[in-house]
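Architecture at a glance
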Amino acid sequence: MKTRVAIEAAQIVLSVAAVVGVGMLSAWSYRPATGDIRLVTMAAVFVVVVLGVRQMQRAVADHRRAGEVRHG
């Protein structure tokens, strides 16, 4: 796995961890809205993953293109 692809994968994992962490702390600190906070947290996780996967696809495509140029 090339560096840029690994960086994108790490970014997705760290971003999801940050979103879940903030969501958990928010739900803990304001119990009456725990259900709503969890819903918003899940939506934010979905957005982070979708945007991260798009960047990962670009990194993989660039990696493949660079390999074709070197070997072509």
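Everything discussed here concerns the structure shown above.
In this report, we go over the structure that sits alongside the text. (Residues numbered from 1 in each chain as written. Predicted model: local features only at pLDDT ≥ 70, side-chain atom pairs only at ≥ 80, totals over all residues. Heavy atoms only, no water.)

**Quick look at the overall build of the protein**
Broken down by element type, the protein carries 2 helices and 0 strands. In terms of C-alpha radius of gyration, the protein reaches 17 Å, well past the compact-globule figure of 11 Å for 72 residues. Each principal axis of the C-alpha atoms in the protein carries an extent, and together these give about 60 × 15 × 10 Å. Look at the contacts in the protein between residues 6 or more apart in sequence, and 75% of them connect residues 24 or more apart. A total accessible area of about 5,600 Å² is found for the protein, and carbon and sulfur atoms account for 68% of it. Both charge centroids of the protein, one from 9 positive and one from 4 negative side chains, sit 3 Å from each other. (Helix = DSSP H or I, 4+ residues; strand = E, 2+ residues; numbered from the N terminus. Rg over C-alpha atoms; globule rule 2.2 N^0.38 Å. Contact = heavy atoms within 4.5 Å. Areas by Shrake-Rupley, 256 points an atom, 1.4 Å probe, with all protein chains shown as cover. Lys, Arg positive; Asp, Glu negative; His and termini not counted. Charge placed at Lys NZ, Arg CZ, Asp CG, Glu CD.)

**Looking at the pattern of salt bridges**
Enumeration according to the criterion identifies 2 salt bridges in this entry. One salt bridge in this structure joins Arg 4 and Asp 62, with 2.5 Å as the shortest N-O distance. Here Arg 4 is found in helix H1 (residues 3-29), whereas its partner Asp 62 is found in helix H2 (residues 34-71), with 58 residues between them in sequence. Under the relative-accessibility criterion, Arg 4 is labelled partly exposed at 38%. Looking at Asp 62, the relative accessible area reads 30%, which means it is partly exposed. (Salt bridge = Lys/Arg side-chain N within 4 Å of Asp/Glu carboxyl O. Buried < 20%, exposed > 50% of the residue type's maximum accessible area, 1.4 Å probe, protein only.)

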